[in-house]
Amino acid sequence: MYLLKFVLYRLLLLSVPLLVYAQGSGNMKMTSADYLRAERFLSWNLTGKMYGGSVSPNWIDDDRFWYRNRFSDGFEFIYADPGAGTRRRAFDHERLASSLSEATDTTYEPYKLPFTQFEYREERRAISFVVDGKEWRCDIENYTCSGPHERSARVPNSVTSPDNSLAAYIKDNNLWIRNLETGEDRQLTVDGEEYYGYATDSQGWTRSNRPILLWSPDSRKIATYRLDERNVEKMPLIEMKEGRPVLHYWPYALPGDTVVPMHERVVIHIEEPSVVYLDIEPDHQRTSNCCGLTRAGNWGDVEWSADSQHLAFVSTSRDYKEVKLRVADPFSGVVRTVFEERANTFFESNLTSRGIPNWRVFYDRNEFIWFTRRDGWGHLYLYDLNTGALKNRITSGAWNVVDIHQIDKGNRWIYFTAVGKEAGRDPYHEHLYRVRFDGSGLSLLTPELAHHTITVSPSGTYYINSYSSFDTPPVSVVRRLDGRVVLTLEEADISALEEIGWNPPMPFKAKGRDGITDVYGLLFRPSDFNPEEKYPIINSIYPGPQVGSIGTRSFSIMGRGQTQALAELGFIVVQIDATGTPLRSKAFHTDWYGDMGDNGLEDQIAAMRQLADKYSWIDLDRVGIYGHSGGGFASAGAMLRFPDFFHVGVASAGNHDNRGYTYYWSEKYQGLLERQPDGTDNYENQANHLLAGNLKGKLLITYGTMDSNVHPNMTLLLINELIKHNKNFDVMVYPNRGHGYFNEPYNIRITWDYFVRHLLGKQPPADHKITR
């Protein structure tokens, strides 16, 4: 009897930690049925669960457009004429499906037509489209279809001229054009060579075969550059193959490199052809805001005058602190520096990722608009183009201009979006405003309590306005520039979402690490949420600095990753935009400049603690974190810098030491690399592998062996140091994957398994396969 009691007592002791660890988890084993319920909320399974809402216009002329709309029966093509105030189907879908079926000897359904794009022909009496690589044409008056027809000339990896007559492309490091009517090819440059070519898109972290350039409005000139990367150090990757693997390498500059890619700016005149080099020293491979060299498909930070006689551009220093607005004569190559500005951290001409820089030049009035955060907030200023002197401030206050959308020079109105201006509203919600060049007449044009996206018509007379919020589905309308609604296009229907148990995330506000600064976030709960239970909490993080964890403020069923799906397994999941992310004050955005390892983690922790104080169902004894790329960097950093708070982490494709990441990114947010006499440098404070000895919890590290953006070497440094410190951790290697494996079903499954096993204390279903 004594022996039996002793055995039972020992078993009880052994079971206590597990029971505490899995408090509130119920059954200690998960089934495939549990995972299948969560899979309902993966992004690809939510496709088609919302009808209507947002509109992506295809402009027919200056104001009229068509768009493709999802509804309960499939897809419909809608034609809209704002001037007439009409919206209707672009054609009779039933008759077109019947005619096309007969012409192709294939059965097509009216609202599942085999194309997503079409072009109007014969003054909108006919349309053409491509099916299985072949062009078909249908008369939409008599509904007869014919084909296949010879397709119009297409030039891969090219940039088409404004008059649609020419396509510029790269061949053998030189720039060529093709006449799209005759098919004739002409060589524009002749001296391009490897690593010293024209219009080359080689930015280290990203590359393509498409040229980077800007056509002049008259389609007779091209502004571009000759990229000199001849002595830039190479970055290698090994491609897995049967037999011998394949070595890949390409120029990839790192912080501290003495030789980096440089741009020799040129203007190419098409008719001669001839190349005019601009009379300045080569520029650094930079734009005045994040990220990359292109904006809307064109070379960013470059602007032609309407008459194609002048070329304006901004030169940005290697450390992003100094910018110069310059104007060039495209015929002589003479360059004049108009204006200079220097920031103490980094300059931004637009606060959104890949936003078009907010400067504009007006030659007929000898003035230009400039965006700066010199007073701590992003605002517009008007300057004299001849002297560079300030004429007047245009906007001011504790809020930010986001994007200039339209300028009415005749009436001197600027139409722009901004955040944080309306008191009592979400400070990240964008609204459209207008203001005169002299700063007068500032007015709100989109009053609805929501986040507004804007697409201005080519004429500048109308704009499409889609507005929504985290919990309010989108509505799309057409407005005149003065804000008056002239046409309602779509109102979203989310009944299919609600039928599967979908609930919107819960927005919240908390205080950051200083107890003063507001930070904003989203909280996701299981659809069968029970406030009487205790739930582990998982942080889904992307630290910025160019964006935050949350991303769009619009209603979204696709853009929040696997947050809701993960919550369905029995977690609370949060996304928080901490300090170091944009669209707030400059001080907020640059809070940890020079210390990228900060990653806003102390703000994340402060907010999570406040949530747990407010909601008894959050269990801070079981805290997880995960993220990809910068989020992988932050997730591993969280586990190493705050090992007593974060217990389980999944870090994928992380830039764990930015000395090994692209210099364009690292030198902007960490500063130029400075080596000290003792061998240390100013980048050591952000390197995760130097903190490997701090690991206490469970950490899963993943990477792709062909990641040409965030090189695997940074992850291997961390793995090596964890081994040196005799730490227990887990690794998953994805052979031949690049940077974008995060949403692969297998990666999602092992992420779920890791949190289920180590935070819930349950056994994941064996060999469950997530399908896409």
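Cut-offs applied
- Residue numbers here run from 1 along each chain, matching the order of that chain's written sequence.
- Totals for whole chains, interfaces and linings use all residues, but because this is a predicted model, local features are given only for residues with pLDDT of at least 70 and pairs of side-chain atoms are given and counted only at 80 or more.
- As a rule here, side-chain values come from all non-hydrogen atoms in the structure, and water together with hydrogens is ignored.
- Starting at the N terminus, helices and strands are each numbered in turn, a helix being any DSSP run of H or I of at least four residues and a strand any DSSP run of E of at least two.
- Atoms counted for the radius of gyration: C-alpha only. Globule rule: 2.2 Å times residue count to the power 0.38.
- Partly exposed describes any residue whose relative accessible area lies between the buried limit of under 20% and the exposed limit of over 50%, with all areas from a 1.4 Å probe on protein chains only and scaled to the type maximum.
- In what follows, a contact means two residues having at least one pair of non-hydrogen atoms within 4.5 Å.
- Residue burial considers only the protein chains on display, and all accessible areas are found by Shrake-Rupley using a 1.4 Å probe.
- Only four residue types enter the charge count, namely Lys and Arg as positive and Asp and Glu as negative; His and the chain termini do not.
- All charge positions are set by atom: Lys at NZ, Arg at CZ, Asp at CG, Glu at CD.
- For two strands to be treated as a pair, DSSP must find at least two bridges joining them.
- For helices, the axis comes from a line fit to the C-alpha atoms of the stretch in contact; other axes are also lines fit to C-alpha atoms, and the angle between any two N-to-C directions lies between 0 and 180 degrees.
- Aromatic pairs are defined between Phe, Tyr and Trp rings, using the six-membered ring for Trp, whenever the two ring centres lie within 6.5 Å; interplanar angles under 30 degrees are classed as stacked, those over 60 as edge-to-face, and all others as tilted.
- In this scheme, the term charge over a ring applies when either NZ of a lysine or CZ of an arginine sits within 6 Å of the ring centre and within 35 degrees of the ring normal.
- Here, a salt bridge means any side-chain nitrogen of Lys or Arg that lies within 4 Å of a carboxyl oxygen of Asp or Glu.
- Patches here are clusters of residues that have more than 30% relative accessible area and form no salt bridge, with a 9 Å joining cutoff for like charges and a 5 Å cutoff for nonpolar side chains (Val, Leu, Ile, Met, Phe, Trp, Tyr).
- Angular relationships are summarised with four words: roughly parallel below 35 degrees, roughly antiparallel beyond 145, roughly perpendicular across 65 to 115, and oblique for the angles in between.
- By convention, the crossing between two helices is left-handed when the near helix turns anticlockwise from the far helix through less than a right angle, and right-handed when the turn is clockwise.
- Here the term charged refers only to Asp, Glu, Lys and Arg, the term nonpolar to Ala, Val, Leu, Ile, Met, Phe, Trp, Tyr, Cys and Pro, and the term polar to all other amino acids, Gly among them.
- The definition used for a disulfide is geometric: two cysteine sulfur atoms within 2.5 Å.
- A residue's pLDDT is the predictor's confidence in that residue, given on a scale from 0 to 100.
- Residues grouped as a nonpolar core are buried Ala, Val, Leu, Ile, Met, Phe, Trp, Tyr and Cys residues, joined through side-chain atoms within 4.5 Å.
- Each polar contact in these results corresponds to two N or O atoms within 3.5 Å; when the atoms are within protein, one needs to be able to donate a hydrogen and the other to accept it, and residues that are neighboring in sequence are counted only if both atoms are side-chain atoms.

### Observations regarding the overall build of the chain
Along the backbone of the chain there are twelve helices and 48 strands. Against the compact-globule benchmark of 28 Å for 772 residues, the chain has a radius of gyration of 28 Å, which places it among compact chains. In terms of overall dimensions, the chain has C-alpha extents of about 100 × 75 × 65 Å along its principal axes. Taking all 772 residues of the chain together, the buried fraction comes to 56%. Across the chain, contacts joining residues at least 24 apart in sequence account for 60% of those joining residues at least 6 apart. As displayed, the chain has an accessible area near 32,500 Å², and 47% of this comes from carbon and sulfur atoms. Mean positive and mean negative side-chain charge positions of the chain (84 and 98 charges, respectively) differ by 3 Å.

### Here we look at the sheet that holds strand β48 (residues 730-734)
If you walk across this open sheet you meet the eight strands as β41-β42-β44-β43-β45-β46-β47-β48, and the pairing is mixed. Every interior strand has two partners, whereas the edge strands, β41 (506-511) and β48, have only one. Within this sheet the neighbouring strands show an average axis-to-axis angle of 20 degrees, counted without direction. Both strand β43 (residues 535-540) and strand β44 (residues 572-577) contribute to a ladder of three bridges, which runs parallel. Each bridged residue has a counterpart across the sheet, and for I537 the counterpart in β44 is I572. Contacts from helix α9 (residues 630-641) reach β45 (618-628), β46 (648-652) and β47 (698-704) within the one sheet, and its direction differs from that of β45 by about 145 degrees. On the sheet, helix α12 (residues 745-760) packs against β43, β45, β46, β47 and β48 and is oriented at approximately 165 degrees with respect to β46.

### Thoughts on the packing of aromatic side chains
Under the defined criterion, the tally for this structure stands at 43 aromatic pairs. Arranged with centres 6.1 Å apart and planes meeting at 45 degrees, the rings of F346 and Y593 form a pair that is tilted. Of the two residues, F346 is situated in the loop between β28 (335-342) and β29 (360-362) and Y593 in the loop between α7 (586-589) and α8 (601-614); the sequence distance between them amounts to 247 residues. Grouping aromatic residues by their ring pairs yields a cluster made of W66, F77, Y79, F91, F115, F118, Y120 and F129. Against the face of W250 rests R207, its NZ or CZ located 4.3 Å from the ring centre. The side chain of K234 reaches across the aromatic face of Y195, ending 4.6 Å from its centre.

### Let's talk about the pattern of salt bridges
Summed over all chains, the structure comprises 38 salt bridges. For R513, the salt bridge goes to D603, with nearest N and O atoms at 3.0 Å. Here D603 lies in helix α8 and R513 lies in the loop between β41 and β42 (518-524), a separation of 90 residues in the sequence. Residue R513 is classed as partly exposed on the basis of its relative accessible area of 31%. Here the salt bridges do not stand alone but share partners, grouping E76, R87, R89 and E490 into one network.

### Notes on the sheet that holds strand β8 (residues 144-149)
In sheet architecture, strand pairing relies on hydrogen bonds along the backbone and comes in two forms, parallel and antiparallel. Judged by pairing direction, the sheet is antiparallel, and its four strands sit side by side in the order β5-β6-β7-β8 without closing on themselves. Each edge of the open sheet carries a strand with a single partner, namely β5 (119-121) and β8. Here the average twist between neighbouring strands, direction ignored, is 30 degrees. Judged from the four bridges that link them, strand β7 (residues 134-139) and β8 form a sheet pairing that is antiparallel. Across the sheet, residue D139 finds its bridge partner in β8, namely T144. Along the sheet, helix α4 (residues 93-104) makes contact with β6 (126-131), β7 and β8, crossing β8 at roughly 45 degrees.

### Some details on a nonpolar patch on the surface
Together, I238, L247 and Y249 make up an exposed nonpolar region whose accessible area comes to about 320 Å². Looking at the element boundaries, Y249 is found in strand β19 (residues 246-251). By relative accessible area, Y249 is classed as partly exposed at 48%.

### Topic: the pairing of β28
Both strand β27 (residues 322-328) and β28 contribute to a ladder of seven bridges, which runs antiparallel. Counterpart to R326 in the pairing with β28 is T337. Taking the residues between adjacent antiparallel strands as the criterion, β27 and β28 are bridged by six residues, where G333 takes a positive phi near 85 degrees.

### Let's talk about the packing of helix α2 (residues 32-39) against α12
Two elements in contact, α2 and α12, have axes whose closest approach is 12 Å; the angle formed by their N-to-C orientations is 120 degrees. Comparing their axes, α12 and α2 come out oblique. At the point where α2 passes α12, the crossing takes the right-handed sense. For the pair α2 and α12, the contacting residues are Y35, A38 and E39 in the first and R749, W752, D753 and V756 in the second. A per-class count over the contact of α2 with α12 returns four nonpolar, no polar and three charged.

### Comments concerning the state of the cysteines
Scanning the entire structure with this criterion turns up two disulfides. Between the sulfur atoms of C138 and its disulfide partner C145 the distance amounts to 2.0 Å. Every disulfide takes its handedness from the sign of the S-S torsion; for C138 and C145 that torsion is 110 degrees, giving right-handed. Classification of C138 as buried rests on a relative accessible area of 1%. Take the cysteines of the chain that form disulfides and number them in order along the sequence; they join up as 1-2, 3-4.

### As for the pairing of strand β2 (residues 65-71)
Of all seven residues that make up β2, five are buried, and the element is covered over most of its length. Across two bridges, the pairing between strand β1 (residues 58-59) and β2 is antiparallel. Residue pairing in the sheet places W59 in a bridge with F65 of β2. Sheet topology places β2 next to strand β3 (residues 74-81); seven bridges connect them, and they run antiparallel.

### Let's talk about the confidence of the model for the chain
Here the chain averages 94 in pLDDT, and 96% of its residues register 70 or above. Low pLDDT (under 50) marks residues 1-26, which in the prediction has 17 contacts with non-local residues, meaning those over four places away or in another chain.

### A look at the nonpolar core
By size, the foremost hydrophobic cluster in this structure holds 62 residues, and its most contacted members are I369, I414, L523, V574, I618 and F646. If we skip the residues at most four places from it in the chain, I618 touches L523, K534, Y535, I537, I572, L611 and A612. Membership of the second largest hydrophobic core comes to 43 residues, among which are A492, I494, F742 and I750.

### Some details on the side chain of N358
With respect to the helices and strands, N358 occurs in the loop between β28 and β29. A distance of 2.9 Å separates a polar side-chain atom of N358 from the backbone oxygen of V402. Not counting chain neighbours up to four residues away, the residues in contact with N358 comprise S349, N350, I369, W370, F371, L380, V402, D403 and I404.

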